[in-house]
Amino acid sequence: MIELTNIVKRYHQQEVLRGVSLRVADGEVCVLLGPSGGGKSTLLRTINGLESFDSGSIRVSDIVLNPEPGPQRDLALFEIRKRVGMVFQQFNLFPHRSVLENVTEAPIHVLKQSRDAAVLNARRILARVGMGDKENARPGSLSGGQQQRVAIARTLAMNPEAILFDEPTSALDPRTTAEIISVMTDLAASGQRMIVVTHAMSFARTVAHQVHILHAGRIAESGPPEQIFENPQEPITREFLSEAAKA
Amino acid sequence: MKKTPVQSLVARPSFRFYAQTLLTLTATWLIASSSVTADDGLDRIRLRGTLVWGADQEGGGPFVYPSPDDPSQLVGFEVELAQLIAEHLGVKPEFSQGQWDKLPDLLDRGDIDLVLNGYEWTPNRAQRYGVSIPYYVFELQLLGRTADDSLTSWDDLLKPVDGRKRKVSVLGGSAAQDYVEKLAGDSVEIALFEGATDAMEATELGLSGIDANVQDLPIWVFYSDGFSQLRPIGPPTGRGFYVVMTRKADRDLLKAVNESLFKALQDGRLRKIFTKYRIWNETQATRGLETDADGGFIGGDADSPADGNGTKESGEEATASYQPSGGWEVIRQRGGLLVRSAGMTVLLSITAMPIAVFIGLLIALARLYGPWYLGKPAAVYVELVRGTPLVLQLYLIYFLVPKLLAILFPGMELTINAFAAAVMGLAINYSAYEAEIYRGGIRSIPRGQMEAAISLGMSRSLALRRIIIPQATRLVLPPMTNDFIALFKDTAVCSVITVVELSKQYYIQARSAGAIVELGLLTALLYLAMSYPLSVMTNRLEKNLSQERRG
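The rules behind each value
Residues numbered from 1 in each chain as written. Chains lettered and ligands numbered in written order. Predicted model: local features only at pLDDT ≥ 70, side-chain atom pairs only at ≥ 80, totals over all residues. Helix = DSSP H or I, 4+ residues; strand = E, 2+ residues; numbered from the N terminus. Rg over C-alpha atoms; globule rule 2.2 N^0.38 Å. Buried ≥ 20, exposed ≤ 12 C-beta atoms within 10 Å, placed from the backbone. Contact = placed C-beta atoms within 7 Å. Nonpolar A, V, L, I, M, F, W, Y, C, P; charged D, E, K, R; others polar. Expected span 1.5 Å × (residues − 1). Arc of directions from axis to C-beta. Pairing = 2+ DSSP bridges. Axes fitted to C-alpha atoms, helices over the stretch in contact; angles between N-to-C directions. Parallel < 35°, antiparallel > 145°, perpendicular 65-115°, else oblique. Left-handed = near helix turned anticlockwise from the far one by under 90°.

### So, the overall build of chain A
Check the secondary structure of chain A and you find nine helices and 10 strands. In terms of overall dimensions, chain A is globule-like: its C-alpha atoms have a radius of gyration of 18 Å, near the 18 Å expected for 247 residues. Based on the C-alpha atoms only, the size of chain A along its principal axes is roughly 55 × 45 × 30 Å. Expressed as a percentage of the 247 residues in chain A, the buried residues total 47%. Taking the contacts inside chain A whose residues are at least 6 apart along the sequence as the reference set, 62% of them involve residues at least 24 apart.

Now the structure itself:
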């Protein structure tokens, strides 16, 4: 279970998150939607500490993350990062390592798995995302869609309790977007818990268990996709959906 | 799911641990215990069994210079004097190379027991150091070009020609410089040279309007055969005394040196040595110290012309003289020495550069990721090191560090040897540049790399070590190889702290053989042979990098 309680974040004088609370149960797919600048990515990045926050708290299973900097927060973050993976818009693969090494890097050096075990596991995962034949390639020689598959594999190799997707398809063309969405759909079907910031409405509509509309640092509306897409309660939601449909 | 205990992060030998170990090892290696500064110099020398005397081979003949027959052997009248003094003390002489003007510093540092290298007596030196009775009374000789009829006396020198002051070359910091300055004041222009033979050569060729040269007489006598276009003008003048210098505290040593010189004067051994190098003359004889077998006075010798030219002693042949050589002969004779010294250049470079890169990396990390109390001093370090010349840094390390060590660890008698000081100086100097290169390299790695690494549970130091630094290193390799080439050439500066590397060896050999061109070309070739492969490597690295970026 991941639980965010009343998260507030200020940037200079401006509040970018104004008390956001949400809860993701085990095996659940949670999608954050909303206009640009609404705080979706920032919220996602507070969960694994890429962004700090000013008040509130975050709980991942039995680990509690508080806003005050210090060794306690560092320790909590270290544990959270081992259990919660992240997939980035820009992939951020390690260009000086092969595909296989990208995937085995953290299991070997963070989880202290043996090299053999890590390689075995990495090959299995690469095959699962359709990259089994590219293990010796360098990231620079791969297409964007292929790089994102490797990035997902890299996260999966840590056997994460949850994966944070930060606009995973925004840097991709429509065809490769569809490929990545299908990989993510398969993951969801296998019971992988994930929190996804995306503009891909089809994914939210068909895969999400919960959808949250984030606007101006607040959650405007939450609910299952049927409610959000078929019967939105809030004017902000309706406005966002009609803008998204035009685009 | 496999869970790793938190302790594993702490227990693992960290990046910092490796860094500390390496630094400690480096420091231990750099600080080598050697010299002792006890009160009684003589006892110390007898205990050691060697008398360490300092001189600069680059000064050349007839003082101390590589033997024309075997350039790896030293000859010169001071080599024989050192032998004579050491024999008197019952020990073996040991030569120690040092830059001429820095020899008194080596005495202060305790590296040598004596300075024996044409140092003249001055009131200042007598106050600071123990100075022996003179082993040689030198005079100064004015030299002009044979073809120049307008210069025939000291008076001519002081008169301007065509409204232009005469230009005189002298050895910088020598008695000749003092003499000309006092005598002529503003009425001549003085050109300072670092080598006596360079000054003569420049005068012979009339380079940059130089008309005349004022030279210690023994040097002129020794080299006169090699400079056929120069001639002596007027009688020798401006008498001065070559003395042996000791530390002020080493009174017993000074006394023993005096005894040995006095005895050698009396029994004719000194005359023999000077005759061999053709520099015995009437001035030496009229000291009246030499006695015959019965202890009787030997007066001024009519056979010894005072001008010192072609001195021939009755029955004693002059055996050592200047033998200029050139062509393949000189390469064959002295090339091996240059190649061996190139080895020192290589050794200095390949030891200093990795240390420079390592310190540079630590400095860059301190500036980029360290807290302010590390970052600020690191920034100051870079500016300080970049803003001061390498030669000054080397000098400070070599002469200041032993003093600091003596204050910090009294009684432990720690010092730093010349090679270690040279490596340290080069490493520190270059570390500032490597730090800036590394800082640029690390900053050009996209932020997403660090984010991806820590999102995978890596600690910051693990992420730096495995993800950021390897990528940055590939970026900085070409500019660093470029710096490595520069460092190769900068090793030449190390001769100020007694390290004889390729350049210094070239000066020593070229001046003693008079083969500036041949040995110069060989030296240039050796430098090129060392740096060219690195140039090729830089180009290849740059090419690979740009291909990778496109790919």
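### Comments concerning the overall build of chain B
Counting its secondary structure elements, chain B contains 21 helices and 12 strands. When burial is assessed residue by residue, chain B has 43% of its 551 residues classed as buried. Excluding contacts between residues fewer than 6 apart, the proportion of contacts in chain B whose partners are at least 24 apart in sequence is 76%.

### Some details on the interface of chain A and chain B
Residue-level contacts link 25 residues of chain A with 23 residues of chain B. Contributing elements (two or more residues each) for the side of chain A that touches chain B: helix H2 (71–83), strand E6 (84–87) and helix H3 (99–109) of chain A. The greatest single-element share of the side of chain A that touches chain B, amounting to five residues, is contributed by H2 of chain A. When grouped by side-chain class, the residues that make up the side of chain A that touches chain B number 11 nonpolar, nine polar and five charged.

### Concerning helix H6 (residues 174–189) of chain A
Residue and element names in this part refer to chain A. Compared with an ideal rise of 1.5 Å per residue, which puts 16 residues at 22 Å, H6 spans 22 Å between its outermost C-alpha atoms and is within 8% of the ideal. The set of residues buried in H6 consists of Thr-177, Ile-180, Val-183, Met-184, Leu-187 and Ala-188. Seen end-on, H6 carries its buried residues on one side only, within an arc spanning 140°. Exposed and facing more than 90 degrees away from the buried side of H6 are Pro-174, Arg-175, Ser-182 and Ala-189. Residues of H6 that are buried sit in contact with strand E3 (29–33), helix H5 (144–156), strand E8 (193–197) and helix H7 (201–207). Remark: Gly-191 follows H6 within two positions and exhibits a positive phi of approximately 95°.

### Topic: the sheet that holds strand E9 (residues 210–215) of chain A
Residues and elements named next belong to chain A. Here six strands make up an open sheet; going across it, the order is E6-E7-E8-E3-E9-E10 and the pairing mixed. If you trace the sheet from one side to the other, it starts and ends with E6 and strand E10 (218–223), each paired once. Each strand of the sheet is rotated relative to its neighbour by a mean of 20°, with strand direction disregarded. Where E6 lies against strand E7 (residues 162–166), four bridges are found, and the strand directions are parallel. Among the inter-strand pairings, Gly-85 is bridged to a residue of E7, identified as Ile-163.

### Notes on the packing of H3 of chain A against helix H4 (residues 115–128) of chain A
All names here are of chain A. Close contact between H3 and H4 brings their axes to 9 Å; oriented N to C, the two are set at 130°. Regarding the angle of H3 to H4, the classification is oblique. As for the relative orientation of H3 and H4, their crossing is right-handed in sense. Where H3 abuts H4, its residues Val-99, Leu-100, Val-103, Thr-104, Pro-107 and Ile-108 lie against Arg-115, Ala-118, Val-119, Asn-121, Ala-122, Ile-125 and Leu-126. Taken together, the residues that form the contact of H3 with H4 break down as 10 nonpolar, two polar and one charged.

### Here we look at the environment of Gln-14 of chain A
All names here are of chain A. Within the secondary structure, Gln-14 sits in strand E2 (residues 14–24). Accessibility expressed as a C-beta count within 10 Å gives 8 for Gln-14, which makes it exposed. Residues Gln-14 and Val-31, spaced 17 residues apart in sequence, show a C-alpha to C-alpha distance of 25 Å.

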